[in-house]
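Commentary on secondary and tertiary structure
So you can see what is in the structure, the chains are spelled out below.
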2 protein chains.
Amino acid sequence: MPRRSHGKRAVVALGGNAITRPGEAGTVEQDYANLDHSLEGVVALLERGYELVLTHGNGPQIGNQMIRVEVARDEAPILPLDLMGADIQGGMGYMIEKVLRGKLRKKGMAHRVCCLITLVEVDASDPAFDNPTKFVGPFYREEEVEKLSRERGWVIKEDSGRGWRRVVPSPKPIAIIEQHEITALLDSGAVVICGGGGGIPVSRSRSGELEGVEGVIDKDLASAIIALGVRSPELVVLTGAEKVLLNFGTLEETPISIMSVLEARKYQEEGHFPAGSMGPKIDAACRFIEGGGSRTLITDPFKLGDALEGHTGTWITP
Amino acid sequence: MPRRSHGKRAVVALGGNAITRPGEAGTVEQDYANLDHSLEGVVALLERGYELVLTHGNGPQIGNQMIRVEVARDEAPILPLDLMGADIQGGMGYMIEKVLRGKLRKKGMAHRVCCLITLVEVDASDPAFDNPTKFVGPFYREEEVEKLSRERGWVIKEDSGRGWRRVVPSPKPIAIIEQHEITALLDSGAVVICGGGGGIPVSRSRSGELEGVEGVIDKDLASAIIALGVRSPELVVLTGAEKVLLNFGTLEETPISIMSVLEARKYQEEGHFPAGSMGPKIDAACRFIEGGGSRTLITDPFKLGDALEGHTGTWITP
């Protein structure tokens, strides 16, 4: 099997809006069209000789699956959240693999692409389990809440004036169960799609067996753990913004080209990065560098080529 | 990475009833309980030092997903059959991986287990596309048939007096798209779950890109192609029967312990093996041996240990 140098290895985290854009229903046709466009940057990395692991979000897709399971609950078995996450890893991995193989073939590039189902270990005593914060799935009417809480054991909260939704914990990823296999696939020369939706969260029982967890792992944090596991020097977080901004949402908005982990942590404490959007990406970037990574790039998927030439994007360094 | 001899490599195809039993709704609890029981034989093979690829059926699970997509079609996007197959590969692979890892851990066995999403190439000019024969998904009322045919382009037929169902082609598998990756994972020491539901059928466009196909590949035939691809000398087909029977369903039923491919083909021509059940398994067994495989075992998952000792099962040899 061909083995290449690890010098240009990177983990690329595709944001949810690289696949389903805000306001779209998330039809299969829309998702394929968006992927065709947003995987251009990934092709650019491969053209530069990178070995790649590709991770991705799954919000709209798992949201739709939760709707299907709920609407059809009298006619087909209910599925727990971990199993829905596994289903969606398969479906999205297939779509990404097929689109990327097609784009590479058109360019005469011989890379292979595959998707590995990925379980991510979390600590059963993670404090996140006492304070669920991640809204998932469809909205419910207020009069349904009591019955759902009782019958399913769900925590249901009001979501910013939009209605009532299930809320689940977002525990921290501590290990990638298939890390050895992801490395083996990378070493064999394949582009590896894995860790979709942040991975399927599992914790260990007292006797050490893996058990599915009803929660959602932040996909950028999971990507950082994967990047450390495969000894990738670079983590690339693709999102809706070309650069990270200081004073976001004010008249003093200032784009950042480069910052150290210490600077990033300081800005974060000062409240520059919103908790629901850039905050977790900065967290993941810092966590990766603190764990031994060389640098993290945060940019828009369509600016990736420019960013690699040093013309844009935000680089976070030790 | 550890590399072991290929002498004891096998591909094991788990029948659908190893996961959801006839008459069950296919709840997640039932599926986990059945897997816990039916993976015993797989553990027995690993204890004997086998390197394993594990394939599996998906009938009840993809049937339930088709019901969900249909029932919720006004609230969540419709999914094509290839994408549903990918979803279910992910979900079932996760379940099998988790249960098998748990069983191995209890025994103190250190095998790793993973699931690779698998695309299987079929020929776009396969005659099966002109004659769809495989019933899939929910039953419809006769008055819905015309509208569904027109709007979705489906072929819908009456299924043995039980109602109207969609019918799709069952083209022959010709190549495993991720064959190189399955081999790399096996070589790295992992048990590889792949080819679920016969794999996601794809064909090549004129320019050579992969396109999803609305069809179902026979899972035993796909398993034979996977076994040839990874140069496994053995194919193990697990089903509801301990042995293959001659004169099936008559007073002269006779179990077979061993037969050559020539004998098997002759019996098949004489009509001993029903088209909907044992027929495709015999086909797969023969196809594997004709392609260079050493032997195929057909037996019940719970008799696998006994069969490996030579006490039961049906062996098909060159």
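To start, this report covers the structure provided alongside it. Keep in mind that this is a model prediction, so the values were computed, not measured.

The rules behind these values
Residues numbered from 1 in each chain as written. Chains lettered and ligands numbered in written order. Predicted model: local features only at pLDDT ≥ 70, side-chain atom pairs only at ≥ 80, totals over all residues. Heavy atoms only, no water. Helix = DSSP H or I, 4+ residues; strand = E, 2+ residues; numbered from the N terminus. Rg over C-alpha atoms; globule rule 2.2 N^0.38 Å. Buried < 20%, exposed > 50% of the residue type's maximum accessible area, 1.4 Å probe, protein only. Contact = heavy atoms within 4.5 Å. Lys, Arg positive; Asp, Glu negative; His and termini not counted. Charge placed at Lys NZ, Arg CZ, Asp CG, Glu CD. Disulfide = S-S within 2.5 Å. Pairing = 2+ DSSP bridges. Buried area = accessible area lost by both parts, 1.4 Å probe. Salt bridge = Lys/Arg side-chain N within 4 Å of Asp/Glu carboxyl O. Polar contact = N/O pair within 3.5 Å; in protein donor to acceptor, adjacent residues only side chain to side chain. Least-squares fit on C-alpha atoms with pLDDT ≥ 70 in both. Phe/Tyr/Trp six-rings, centres within 6.5 Å; stacked < 30°, edge-to-face > 60°. Lys NZ or Arg CZ within 6 Å of the ring centre and 35° of its normal. Axes fitted to C-alpha atoms, helices over the stretch in contact; angles between N-to-C directions. Expected span 1.5 Å × (residues − 1).

Regarding its fold elements, chain A presents 10 helices and 17 strands. The C-alpha radius of gyration computed for chain A amounts to 19 Å, which stays within 12% of the reference 20 Å derived for 318 residues, consistent with globular compactness. Each principal axis of the C-alpha distribution contributes one length, and for chain A these read about 55 × 50 × 45 Å. Across the 318 residues that make up chain A, the buried fraction comes to 59%. Within chain A, counting contacts between residues at least 6 apart in sequence, those at least 24 apart form 72% of the total. Distance between charge centroids for chain A: 5 Å, based on 36 positive and 44 negative side chains.

All names here are of chain B. Tallied over the entire structure, the rule returns zero disulfides over all chains. Cysteine cysteine 194 shares no disulfide, and the gap to the nearest cysteine sulfur, in cysteine 115, comes to 8.0 Å. The exposure class assigned to cysteine 194 is buried, which follows from its relative accessible area of 1%.

Further remarks concern the pairing of strand E9 (residues 190-193) of chain B. Residues and elements named next belong to chain B. Where burial is concerned, the two faces of E9 agree: the one with Ala190 and Val192 and the one with Val191 and Ile193 are both buried. Pairing of strand E2 (residues 51-56) with E9 involves two bridges; the strand directions are parallel. Its bridge partner being in E9, valine 53 is matched across the sheet by valine 192. Where strand E3 (residues 112-115) and E9 come together, four bridges link them in parallel fashion. If you follow cysteine 115 over to E9, its bridge partner there is isoleucine 193.

Let us look at the interface of chain A and chain B. In this assembly, 60 residues from chain A lie in contact with 60 residues from chain B. Summing both partners gives a buried area of about 4700 Å² for chain A against chain B, and 66% of it is carried by carbon and sulfur. Sorting the residues of chain A by area buried against chain B places Arg68(A), Pro77(A) and Tyr94(A) first, and these three jointly supply 15% of that buried surface. Note that Glu181(A) and Arg112(B) form a salt bridge whose closest N and O atoms lie 2.7 Å from each other. Linking chain A with chain B are 17 residue pairs in polar contact (both at pLDDT 80 or more), by the criterion used here.

For the rest of this paragraph, the subject is the relation of the copies chain A and chain B. Screw-axis analysis of chain A against chain B gives a translation of 0.0 Å along the axis, an RMSD of 0.0 Å, and a rotation angle of 180 degrees. Overall, the copies show the geometry of a two-fold rotation axis. Interface overlap between copies is the fraction of interface residues in one copy that are interface residues in the other; for chain A against chain B it reaches 100%, indicating a shared surface.

So, about the side chain of Thr20(A). All names here are of chain A. Relative to the assigned elements, threonine 20 resides in the loop between strand E1 (9-14) and helix H1 (28-38). For threonine 20, the side chain forms a polar contact with the side chain of aspartate 31, separated by 2.7 Å. Apart from residues lying up to four places away in sequence, threonine 20 is in contact with Gly26, Asp31, Asn34, Pro60 and Gln61.

Turning our attention to the packing of aromatic side chains. Within this structure, the stated rule accounts for two aromatic pairs over all chains. Ring centres 6.1 Å apart and planes at 55 degrees place the aromatic pair Tyr140(B) and Trp154(B) in the tilted group. On the criterion of sequence distance, the pair formed by Tyr140(B) in strand E5 (residues 134-140) and Trp154(B) in the loop between helix H5 (142-152) and strand E6 (155-158) is long-range, its members being 14 residues apart. On the basis of relative accessibility, which here comes to 11%, the residue Tyr140(B) falls in the buried class. For Arg165(A), the ring lying beneath its charged end belongs to Phe139(A), and the centroid distance is 4.9 Å.

Among the secondary structure elements, Glu209(A) is positioned in the loop between strand E10 (200-204) and strand E11 (210-212). We classify Glu209(A) as buried; its relative accessible area is 16%. Within the local environment of Glu209(A), its side chain forms a polar contact with the side chain of Ser207(A), the two groups lying 3.0 Å apart. Residues in contact with Glu209(A), not counting those within four places in the same chain, are Ser203(A), Arg204(A), Gly102(B), Arg105(B) and Lys106(B).

A sheet is described by the order of its strands in space; here four strands give the open sequence E8-E4-E10-E11 (chain A), paired in mixed fashion. The open sheet terminates on both sides in strands that have one partner only, identified here as strand E8 (173-176) and E11 of chain A. Pairs of neighbouring strands in the sheet enclose a mean axial angle of 45 degrees, with direction left out of account. Bridging between strand E4 (residues 119-122) of chain A and E8(A) involves three bridges; their strand directions are antiparallel. Among the inter-strand pairings, Val120(A) is bridged to a residue of E8(A), identified as Ile176(A). Running at roughly 150 degrees to E11(A), helix H4 (residues 81-106) of chain B makes contact with E4, E10 and E11 of chain A of the sheet.

This part covers helix H9 (residues 278-290) of chain A. Residue and element names in this part refer to chain A. Taking 1.5 Å of rise per residue, the 13 residues of H9 would be expected to cover 18 Å, and the 18 Å separating its terminal C-alpha atoms lies within 8% of that figure. Counted residue by residue, H9 has 10 buried out of 13 residues, so it is predominantly covered. Among the residues making up H9, those that are buried are Met278, Gly279, Pro280, Lys281, Ile282, Ala284, Ala285, Cys286, Phe288 and Ile289. Glycine 292 sits one or two positions beyond H9 and adopts a positive phi of about 120 degrees.

Turning next to the environment of Gly199(A). Residue and element names in this part refer to chain A. Turning to its location among the elements, glycine 199 is positioned in the loop between strand E9 (190-193) and E10. With a relative accessible area of 8%, glycine 199 lands in the buried category. C-alpha separation for the pair glycine 199 and serine 223, spaced 24 residues apart in sequence, amounts to 9.1 Å. Residues in contact with glycine 199, not counting those within four places in the same chain, are Gln89, Thr118, Val120 and Ile217.

Residues and elements named next belong to chain B. Pairing within the open sheet is antiparallel, and its three strands lie in the order E5-E7-E6. What marks the edges here is a single partner per strand, and that holds for E5 and E6. Each neighbouring strand pair of the sheet contributes to a mean axis angle of 40 degrees, computed without reference to strand direction. By the bridge criterion, five bridges tie E5 to strand E7 (residues 164-168) in an arrangement that is antiparallel. Paired with phenylalanine 135 across the bridge in E7 is valine 167.

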